[in-house]
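# Notes for the structure review
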Amino acid sequence: MLGTKIGFDLGTTTIAANVDGKGIKINEPSVIVYDCFEEKVKAIGKEAYKMLGKTPDYLTAIRPIIDGDIYDYGALEQMLCYFIQKICGNRILKPSIIACVPSETNEIDKKTVTDLLISSGAARACVIEEPLAAALGAGVSIKNPEGVLIVDIGGGTTDIAVVTRGCIANSSSVGIAGNAFDEDICRFARRERDTVIGSITAEKVKKQVGAAKFLDAELAVRAVGKDYITKLPKSIELTSTDIFLCIREHLEKIVESIKLLLSGTQPELVADIAKNGMIITGGGANIRGIDDYFRTKFGFNVKCAESPELCVANGLGVLLDDIKVLEENGYVFRSYADMNDFEE
Ligand SMILES: Nc1ncnc2c1ncn2[C@@H]1O[C@H](COP(=O)(O)OP(=O)(O)OP(=O)(O)O)[C@@H](O)[C@H]1O
Ligand SMILES: [Mg+2]
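## Overview of a negative patch on the surface
Together, Asp321, Asp322, Glu327 and Glu328 make up a negatively charged patch on the protein surface. Among the structural elements, Asp321 can be located in helix α10 (residues 311–321). Since its relative accessible area comes to 60%, Asp321 is described here as exposed.

## Overview of the sheet that holds strand β5 (residues 40–44)
Within the open sheet, the three strands sit side by side as β5-β4-β6. Their pairing is antiparallel. The sheet is open, and its two borders are formed by β5 and β6 (59–62), each paired with just one other strand. For this sheet the average axis-to-axis angle between neighbouring strands, irrespective of direction, equals 25°. Judged from the four bridges that link them, strand β4 (residues 32–35) and β5 form a sheet pairing that is antiparallel. Residue pairing in the sheet places Asp35 in a bridge with Lys40 of β5.

## Thoughts on the pattern of salt bridges
Per the counting criterion, the structure on display carries 20 salt bridges. The partner of Asp20 in a salt bridge is Lys5, and the shortest N-O contact between them spans 3.3 Å. In this pair, Asp20 is assigned in the loop between β2 (14–19) and β3 (23–29) and Lys5 in strand β1 (residues 5–10), connecting sequence segments 15 residues apart. Note on Asp20: relative accessible area 28%, which makes it partly exposed. Assessed through its relative accessible area of 16%, Lys5 is described here as buried. The partner of Glu192 in a salt bridge is Arg191, with the nearest N and O atoms 3.6 Å apart. With a relative accessible area of 57%, Arg191 lands in the exposed category. Through salt bridges with shared partners, a single network forms among Lys213, Asp291, Asp292 and Arg295.

## Let's talk about the domain arrangement of the protein
As far as domains go, the protein holds domain 1 (5–134 + 311–343), domain 2 (142–176 + 247–308) and domain 3 (178–245). On a C-alpha basis, the centres of domain 1 and domain 3 stand 32 Å from each other.

## Details of the state of the cysteines
Scanning the entire structure with this criterion turns up zero disulfides. Between Cys36, a cysteine without a disulfide, and Cys81, which holds the nearest cysteine sulfur, the sulfur-to-sulfur distance is 20 Å. Classification of Cys36 by relative accessible area gives partly exposed; the value is 38%.

## Observations concerning the environment of Val224
Checked against the element boundaries, Val224 lands in strand β15 (residues 220–227). A relative accessible area of 55% places Val224 in the exposed class. In this structure, the C-alpha to C-alpha distance between Val224 and Val196, residues 28 residues apart in sequence, is 8.7 Å. Once residues lying within four places of it in the same chain are set aside, the contact partners of Val224 are Ile197, Thr201, Lys234 and Ser235.

## Points about the sheet that holds β3
Read from one edge of the open sheet, six strands run β3-β2-β1-β9-β10-β19, paired in mixed fashion. The sheet terminates laterally at β3 and β19 (334–335), the two strands that pair on one side only. Two elements, strand β10 (residues 124–129) and β19, share two bridges in a ladder whose sense is antiparallel. Along β19, the bridge assignment pairs Arg124 with Ser335. Across the sheet, helix α2 (residues 73–88) is in contact with β1, β2, β3 and β9 (96–101); its angle to β1 comes to roughly 145°. The sheet strands contacting helix α3 (residues 107–119) are β1, β9, β10 and β19, and the helix crosses β10 at an angle near 140°.

## Observations concerning the nonpolar core
Among the nonpolar cores identified, the biggest contains 45 residues, and Leu149, Ile258, Met278 and Phe294 are the most heavily contacted of them. Looking at this core, the element that brings in the most residues is helix α7 (residues 240–263), giving 10 residues. With residues up to four places along the chain from it excluded, the contact list for Met278 reads Leu149, Val151, Ile258, Phe294, Phe300, Asn301, Val302 and Lys303.

## Focus: the pairing of β10
Of all six residues in β10, five are buried; the element is thus mostly enclosed. In this sheet, β10 lies alongside β9 in parallel orientation, the contact comprising six bridges. By the bridge assignment, Cys100 is partnered in β10 with Ile128.

## Structural notes on the site of ligand 1
Around ligand 1 lies a shell of 20 residues, among which Thr12, Thr13, Gly156, Glu203 and Lys206 are the nearest. Between ligand 1 and the protein, one listed contact pairs an oxygen atom with a side-chain N or O atom of Glu130 at 3.0 Å. Measuring from an oxygen atom of ligand 1, one finds a backbone N or O atom of Thr157 at 2.9 Å. For ligand 1, whose accessible area on its own is 660 Å², the fraction buried by protein is 91%. Looking at the shell around ligand 1, the elements that each hand over two or more residues are α5 (178–193) and α6 (199–209). It is α6 that provides the largest number of residues to the shell around ligand 1, a total of three residues. Here the shell around ligand 1 is built from residues that sort into one nonpolar, 15 polar and four charged.

Cut-offs applied
Residues numbered from 1 in each chain as written. Chains lettered and ligands numbered in written order. Predicted model: local features only at pLDDT ≥ 70, side-chain atom pairs only at ≥ 80, totals over all residues. Heavy atoms only, no water. Patch = residues over 30% accessible without salt bridge, like charges linked within 9 Å, V, L, I, M, F, W, Y side chains within 5 Å. Areas by Shrake-Rupley, 256 points an atom, 1.4 Å probe, with all protein chains shown as cover. Salt bridge = Lys/Arg side-chain N within 4 Å of Asp/Glu carboxyl O. Lys, Arg positive; Asp, Glu negative; His and termini not counted. Charge placed at Lys NZ, Arg CZ, Asp CG, Glu CD. Helix = DSSP H or I, 4+ residues; strand = E, 2+ residues; numbered from the N terminus. Buried < 20%, exposed > 50% of the residue type's maximum accessible area, 1.4 Å probe, protein only. Pairing = 2+ DSSP bridges. Axes fitted to C-alpha atoms, helices over the stretch in contact; angles between N-to-C directions. Domains from an automatic or database assignment. Disulfide = S-S within 2.5 Å. Contact = heavy atoms within 4.5 Å. Core = buried A, V, L, I, M, F, W, Y, C linked by side-chain atoms within 4.5 Å. Near = heavy atom within 4 Å. Polar contact = N/O pair within 3.5 Å; in protein donor to acceptor, adjacent residues only side chain to side chain. Nonpolar A, V, L, I, M, F, W, Y, C, P; charged D, E, K, R; others polar.

Laid out in structure tokens, this is it:
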């Protein structure tokens, strides 16, 4: 395969790109800001994220991916064109691209995403399921014959999958992940401290003191919002215990979803999982004590992957190094010509 090879993790909160032989070259918020007066793109990625929640009337901030699904194709195409240009410059040969999609994506939607990658500048493109890439990024071999349970807690969705021999044996996706925890924190601040805080502040609090258990040494941080009654600025203290208590209900729902998936999984694979345990990936795996939380719920071994938010992009990198394995496992690259053939 000639030309640059790129793996894109198209996430609800972050877009990451792994470039063959060069590693992660893009890791930016999935946000684009439009200038409605001048009808043009004002900012993409990191610059656009800085404007979230602070845009004047003439600017609109869009997150093109919501809960793992593409919500604004035009906006995502503009972002991808920008990132591809950033990686490839003016090289004549167009890149080959692998991107990930949520595990439950049907064949029509997979084709739509592939076509979007081609219209954004790929010579050929292929999509694979996100938890499969996450498993590879967490160090699971594509040839591993045993069942592995992967729980990818992202921004919009938690993808749960049993992976074996480089394939998804069973999977489900639940719309509870990092963004839902941020909303929990906003609700808690309003209800318990009479203070309205923004979702960006809530996310910062979650990263600074977020926990999925009672910590031996409680952490605390101050957050600034506005008083619910007087509407004036107000600073409040939030602790790791507060965060655990307010996200606990949502964590419980993720546990229920995992149990449901295991109940519909073949007994031999469940036996493998009982032996090998579960791996947590995605940015949500950074919450303090989340491995202990799941361990107490299931009794089997639970491990948080290293750099969990980069597992999907790193897994795509593993495939870029060995595209043949991907094709052997039934994944097919489509090109612009295939796109047109299909439509005739
Ligand atoms: N240190 C941290 N503590 C708690 N949460 C974190 C931390 N770092 C990142 N996160 C959360 O992880 C989430 C982003 O994770 P990730 O990049 O895996 O999501 P995504 O791939 O963009 O989303 P999705 O897979 O749902 O489409 C955000 O909600 C972010 O707040
Ligand atoms: Mg993700």
